[in-house]
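# Close look at the chain arrangement
Here's the letter readout for the chains.
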Amino acid sequence: TSTIPTDEICQRLNSQMANGIRVLSARQVEDGKASKAMSLVAAADYTVAFREGKEPSVEWKKGQLEAFFAQDSIEILRKTKRSEKITDIKPWIYKLELRGDKVWMQLSQGSVHNLKPELVMEAFAKFLGIELEPFALMIHREEVYADRGEEEIPQLVSLEALGDVIV
């Protein structure tokens, strides 16, 4: 019910967090946006690595990811609670690149087109003609974005940039 400096919010939350989890920042958002914060989510960045000993048995680093992303369409069998259907996920993959030994991707997120990085990696494995081992992937979400655009091409801005620091 009262305004608290964002640094203090972080300190209070961190004093209660489980080991290994830390709040890095907090922002105050407009009253109208605060109640629908998750509906603002439009995209997210992910880094995907393979667990040691669970890397693909084929050479997947040399040009394969670029060839996969260069396809006109990337179709998967998408399963929902009620049905299964073939879906082209290519429009929902905004960026895809190799960074060292890890795959970095920016994907559509949110209530309309929510693409999981696991599905992208499963489609990539299928493209390579392999099957991923269970629990082979370690996925780290790096950033979450809102869409400030009114057009078809998203104009992404980090959720953190939507709010204000309170001093």
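Details of the structure are given in the entry above.
Source: prediction; values computed, not measured.

## A few points about the pairing of strand E4 (residues 93-99)
Where E4 and strand E5 (residues 102-108) come together, six bridges link them in antiparallel fashion. Among the inter-strand pairings, Ile 93 is bridged to a residue of E5, identified as Leu 107.

## Concerning the environment of Thr 6
Within the fold, Thr 6 resides in helix H1 (residues 6-16). For the pair Thr 6 and Val 144, spaced 138 residues apart in sequence, the C-alpha to C-alpha distance is 19 Å. In this structure, Thr 6 is in contact with Ala 26, Arg 27, Asp 164, Val 165 and Ile 166, ignoring residues within four places of it in sequence.

## Quick notes on the packing of aromatic side chains
This structure, assessed with the given rule, holds two aromatic pairs. Residues Phe 68 and Phe 124 carry aromatic rings whose centres are separated by 5.2 Å and whose planes lie at 55° to one another, so their mutual orientation is tilted. Here Phe 68, found in helix H3 (residues 64-69), pairs with Phe 124, found in helix H4 (residues 117-128); they are 56 residues apart in sequence, far enough to count as distant. With respect to class, Phe 68 is no different from Phe 124; both count as buried. An aromatic cluster of three or more residues is present, and its members are Phe 68, Phe 124 and Phe 127. Against the face of Phe 69 rests Lys 90, its NZ or CZ located 4.9 Å from the ring centre. In this arrangement the basic side chain of Arg 99 is found over the ring face of Trp 104, its NZ or CZ atom lying 4.0 Å from the centre.

## Description of the nonpolar core
Formed by 27 residues in total, the largest nonpolar core has its most connected members in Ile 89, Met 105, Val 120 and Met 121. Put simply, the parts of the chain that give this core at least two residues each are strand E1 (41-50), H3, E4, E5 and H4. For this core, the element with the most residues is H4, which contributes six residues. Beyond its immediate sequence surroundings of up to four residues, Val 120 is in contact with Phe 68, Ile 89, Ile 93, Leu 96, Met 105, Leu 107 and Leu 115.

## A word on the sheet that holds strand E7 (residues 156-158)
Taken in spatial order, the five strands line up as E4-E5-E1-E6-E7 in an open sheet, and their pairing is antiparallel. The open sheet terminates on both sides in strands that have one partner only, identified here as E4 and E7. With strand direction ignored, the average angle separating the axes of adjacent strands in the sheet is 30°. Judged from the three bridges that link them, strand E6 (residues 137-147) and E7 form a sheet pairing that is antiparallel. Looking at the pairing, Tyr 145 lines up with Ser 158 of E7.

Each value, and the rule that gives it
- Per chain, the residues get numbers from 1 upward, laid out in the order the sequence is written.
- Two thresholds apply to this predicted model, a pLDDT of at least 70 for residue-level local features and 80 or more for giving and counting side-chain atom pairs, whereas whole-chain, interface and lining totals are computed over all residues.
- Where side-chain values are given, they derive from all heavy atoms of the structure, hydrogens and water being excluded.
- Here a strand pair is declared whenever DSSP counts at least two bridges between the two strands.
- The helix count covers DSSP runs of H or I at least four residues long, the strand count covers runs of E at least two residues long, and both are numbered beginning at the N terminus.
- It only takes one pair of heavy atoms within 4.5 Å for two residues to be counted as in contact.
- Only Phe, Tyr and Trp rings take part, Trp by its six-membered ring, and two of them pair if their centres are within 6.5 Å. Stacked means planes under 30 degrees apart, edge-to-face means over 60, and tilted covers everything else.
- Per-residue accessibility, obtained with a 1.4 Å probe over protein chains only, is compared with the maximum for each type, and a residue is labelled buried under 20%, exposed over 50%, and partly exposed between these values.
- For a lysine, the NZ atom is tested; for an arginine, the CZ atom; a charge sits over a ring if that atom is within 6 Å of the ring centre and within 35 degrees of the ring normal.
- Nonpolar cores were defined as sets of buried Ala, Val, Leu, Ile, Met, Phe, Trp, Tyr and Cys residues, with membership established by side-chain atoms within 4.5 Å.
- An axis is simply a line fitted to the C-alpha atoms; with a helix, the fit covers only the stretch in contact. Between two such axes, the angle follows the N-to-C directions and lies from 0 to 180 degrees.

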